[in-house]
Amino acid sequence: ADGVEEMAMDAAAPGAAPPRAAMLKSGLERATANTIAAPVAAEAEAYGTAMGGAAAASAAPAVLLRSDFKATAMFVGKAAADAQGRVRVSFNVPDNIGTWVVRAVAVVAEKDGVTRRFGNAEAKVVARRPVSLLASMPRVVRVGDTFRAGCTVTAVRDGPVTLHARFDGPSALRFVGPTQKSVTLRAHAPQEIVFELQSIALGAATVQYMAVQGGESDAFEHKLSSLGLQEPVFMATSFAIAASLVPVPWDEAMRFPEAVPGSGVVTIVAGVGRFPAVQAAGEGVGQHVNASISERGYAYATDLLSIVLVPQVYDGYSVASGTDVVERARTLRALALRELVQHSSGAGLLELPRSRMRYPWTSLSLNIFGVFVWHRLQEGSRTPLDYNAHVTHWEAAIWQELEEMHLRAQGTDRRFPWGLLTEVYFAYGAQPPPANMVPLHFAFEALIQHVDVMSDLQRAMLVITICKRHERGRYQELVKSVTELLYTSLRVQGRTAYIAREEGSAHAASMETNALVLWALLESGLYTREPLLEKLANYVAEGKEGHGLRAYYSFATKVSVYRMMALAEYDAARGSAKPHLALTVSETGSGSVLMQQRFDAAARPPANYHSRWEAFAGPQPSVLQFEAVGSGEASVTVALEFIPNRTFASPVYFGLFVEKAIVVLSGPDGSGVPYTPDMRLEAGQVVKVTIQVTTPDDLWNNVVVVDPLPGCLEAVDPNVGQSVPRYPRPPPRLRSRRLVYDPMMWFPYDPERWAFPSMEVHKDEVTFMARYLRAGSHTCTYEAVVVTSGLFRVPPTKAYLSTQPELMGLSGSHSITVADRK
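Thresholds, definitions, all that
Residues numbered from 1 in each chain as written. Predicted model: local features only at pLDDT ≥ 70, side-chain atom pairs only at ≥ 80, totals over all residues. Heavy atoms only, no water. Patch = residues over 30% accessible without salt bridge, like charges linked within 9 Å, V, L, I, M, F, W, Y side chains within 5 Å. Areas by Shrake-Rupley, 256 points an atom, 1.4 Å probe, with all protein chains shown as cover. Salt bridge = Lys/Arg side-chain N within 4 Å of Asp/Glu carboxyl O. Helix = DSSP H or I, 4+ residues; strand = E, 2+ residues; numbered from the N terminus. Buried < 20%, exposed > 50% of the residue type's maximum accessible area, 1.4 Å probe, protein only. Contact = heavy atoms within 4.5 Å. Polar contact = N/O pair within 3.5 Å; in protein donor to acceptor, adjacent residues only side chain to side chain. Expected span 1.5 Å × (residues − 1). Arc of directions from axis to C-beta. Core = buried A, V, L, I, M, F, W, Y, C linked by side-chain atoms within 4.5 Å. Pairing = 2+ DSSP bridges. Axes fitted to C-alpha atoms, helices over the stretch in contact; angles between N-to-C directions. Phe/Tyr/Trp six-rings, centres within 6.5 Å; stacked < 30°, edge-to-face > 60°. Lys NZ or Arg CZ within 6 Å of the ring centre and 35° of its normal.

Observations concerning a nonpolar patch on the surface
Together, V76, V87 and V89 make up an exposed nonpolar region whose accessible area comes to about 230 Å². Structurally, V76 is set in the loop between α3 (38-52) and β1 (98-109). Residue classification places V76 among the partly exposed positions, given a relative accessible area of 41%.

Dropping the structure here:
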């Protein structure tokens, strides 16, 4: 089906397209040739005039189209032979022109009913008409293209043949030059006859061709889509509005860019709180624990400790205690507390149950996390009384191992890991550790002197600990300097911001670090109203953990709990954990109210508003006014989606830099020459298209590259035929009884092995997708065949992030001239 039919089918399907998408599609259908930029239209018109001048109208006879097309002309399931062993069948030849293959299979059954002998044969039947046509048309064209297309004519006898061309119904194309041509054919010698056409509007055209030789004729029709010069683009801004009892208006001005009329859509999305992200993280931890117990019969201690804290985080939100999500979490917490008893020993906390470990082995980080969970439960008054003895063993194991580290560092060049001591104090939270366990050289005052050797994660833990112990006034300068260092390390990326791995790095620190930095900035009280804090909360809510092996181990559940707690702290500080907020959005020019929404529960879904640009049309920029009354914080995104009405010769950068190069292949080894605008291609040549995407930051959540094909090219699908893996895969490892292979896990620092592993070839575009792009430049390539002559626009390639489509880039655009095949 052509593009317009696909749009109509999508619109007719219940729930198939959201309102914004439906508006955009219907706008595309209404756009006309007037949307072409003047340089493009002038260039196409000049080329069309040179190739044949104005269209010449000519009368054509009635078109009798072939319509009976079949893949199987005849099938006889069973036919008995006569006395001479012959079987006769007959069939009507459909309208297909070509060669039919007749296959017959004969079998002889013996007396016992079992087939013992068989034979087969085949013959060919050529189906032709006195005059027959074969389409010679491009698969798609784009607005402004001027091209030569038609059909191949074959006749069974010598003589003149007249070919008529016309459109059936309204058309997005027009003929440039005559619509009737006569040629003299030799019998059975195919000859291509082409006409000059030009795409003048978005939409479709049904082109009908009819060949007449004497009293014989043949005809066919071809539906051709006329597409836009480029893909729709998405621009957005996001901000947070704090509610108050006295409304304070927030004004946001919009100036609409130059766009294809009817293609622009305004979208406003508003929501309160991060509970959906908190719930998703909690459900993920619960599913992981359930899967581990069902498949292995046990779960790791880290996973069990993580699920213990999930219900307590939920309790901070206005979520009914009887809901399914809360009850599931409480059931799993009770199960985890019972299971953890099997992981505790006199040596400390064990990752596996005692019955599955021949030699009890414990780790410092596991015992620290156990103490952290215990004290968080104490803050919520939910500690099981029979756990005191177990926690005492965990604490003793911590201080004993720290003391051993301290002794090993004495008299050597090895430094004592003061950062680990920071994690211990962080685990205790507001309560100081037992005095009888802490040596003098591990006092909190000694720890403060070594803040310069700590990581950002440990510095965040130190700030949280100081604030929890209510000693912010005592260490005021330290808290101020550390939080300033953390806040100035933020890098903005669209609607999000993150802590860099190190100063000047383009790579994000671990999700654990980002979550605890968010928590620390909130606890300090120095940056609670800074705009970047909301973007950092967005990043933590996305929840993407680094690359490599880290995300495949059980302590990912520990990171999920840190994320949940940091987001809960953010919502509590903003009043969004239990909101009572009324949001009103209006347009000041007309005074119309666009959105009125109340948010009285943390789990309420976001509110959406969609409208065409025409609703805001005016000589001055439209101003949107936002008012939030009550308590809580509304997160708002205002987006513009549209098709620009012109292309640019240079790349357009909105977070991604995209470049495209075309090489004309000339040798079997893949060698060739780069295409330049002054070159003329020839139909039948093969070109190689290389797209380079450069990103200043690591990108998650699927980076998509869409390369719309010009009307003269047809992409070669590499999936057709045999394919050899570019890199041999290592043997997959067994994880929870499932074989898992991920190139990002095996080759985390070799992007050539995993960048853009997914490629799809369509008649109008080629798309690539990468789950993750490391900061830097990445390329993807495909080959295409030059199939149609004329003057064509090369649409810009678009790359964007699926979760934040405003992070995007467009390559430059130019023209391609294709000469007729020699």
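Considering the environment of E760
Mapped onto the secondary structure, E760 falls in strand β33 (residues 758-761). Taking C-alpha positions, E760 is 9.0 Å from N719, a pair spaced 41 residues apart along the chain. In this structure E760 touches E765, V766 and T767, once residues within four positions along its chain are discounted. There is a polar contact of 3.2 Å between the side chain of E760 and the side chain of H762.

Topic: helix α6 (residues 324-340)
For α6, with 17 residues, the first-to-last C-alpha span of 24 Å sits near the 24 Å given by 1.5 Å per residue. Within α6, the full set of buried residues consists of V325, V326, A329, L332, R333, A336, L337 and L340. Burial along α6 is one-sided: seen end-on, the buried residues are contained in an arc of 140°. In α6, the exposed residues that point more than 90 degrees away from the buried face are D324, T331 and R338. Looking at the buried positions of α6, the neighbouring elements they touch are α4 (275-296), α5 (301-315) and β15 (344-345).

Overview of the nonpolar core
In terms of nonpolar packing, the biggest core is built from 104 residues, with Y314, F372, L402, L421, L462, L516 and L518 touching the most fellow members. The contact partners of L402, leaving out residues within four places of it in the chain, are L364, F416, L421, V424 and F442. Counting residues in each nonpolar core, the second largest holds 59 residues, with A205, V207, Y209 and A784 among its members.

Side note on the sheet that holds strand β11 (residues 216-227)
The strand order β4-β11-β10-β6-β8 describes an open sheet built from five strands, whose pairing is mixed. In this open sheet, the two strands that pair with only one neighbour each are β4 (140-142) and β8 (180-185). Sheet twist, expressed as the average angle between the axes of neighbouring strands with direction ignored, equals 30°. Note: strand β10 (residues 203-213) against β11, eleven bridges, orientation antiparallel. Residue pairing in the sheet places M210 in a bridge with A219 of β11.

Describing helix α13 (residues 511-524)
For α13, with 14 residues, the first-to-last C-alpha span of 20 Å sits near the 20 Å given by 1.5 Å per residue. Most of α13 is tucked away, with 14 of its 14 residues classed as buried. The first or second residue beyond α13 is G525, which carries a positive phi of 75°.

So, the pattern of salt bridges
Applying the stated rule across the entire model yields 20 salt bridges. A salt bridge links D820 to R148; the nearest nitrogen and oxygen atoms lie 3.0 Å apart. Taken together, the residues D820 in the segment after β39 (814-819) and R148 in strand β5 (residues 146-155) connect sequence positions 672 residues apart. For R148, a relative accessible area of 19% translates into the label buried.

Remarks on the sheet that holds strand β35 (residues 776-786)
Strands sit in the order β26-β25-β28-β35-β30 across an open sheet of five strands; the sheet is antiparallel. Each having just a single partner strand, β26 (672-674) and β30 (713-715) make up the two edges of the open sheet. Strand-to-strand twist of the sheet, defined as the mean angle between neighbouring strand axes without regard to direction, takes the value 35°. Of the strand pairs in this sheet, strand β25 (residues 657-665) and β26 are connected by three bridges, and their pairing is antiparallel. Paired with V664 across the two strands is V673, which belongs to β26.

Focus: the packing of aromatic side chains
Using the criterion set out here, one finds 28 aromatic pairs in the structure. Ring geometry for F256 versus W613: centroids 4.6 Å apart, planes at 25°, classification stacked. Of this pair, F256 sits in the loop between β13 (250-254) and β14 (265-272) while W613 sits in the loop between β21 (607-612) and β22 (622-631); the two residues are 357 residues apart in sequence, bridging distant segments of the chain. Measuring from ring centre to ring centre gives 4.5 Å for Y487 and Y527, while their planes differ by 20°; the resulting arrangement is stacked. Here Y487, found in helix α12 (residues 476-487), pairs with Y527, found in the loop between α13 and α14 (531-542); they are 40 residues apart in sequence, far enough to count as distant. For the residue pair Y487 and Y527, the accessibility class agrees, reading buried in each case. A connected cluster of aromatic rings, assembled from ring pairs, spans W399, F416, W418, Y425, F442, F444 and Y475. If you follow K181 out to its NZ or CZ, it ends over the ring of F195, 5.4 Å from the centre. A cation over a ring is seen here: R296 above Y298, with NZ or CZ 5.3 Å from the ring centre.

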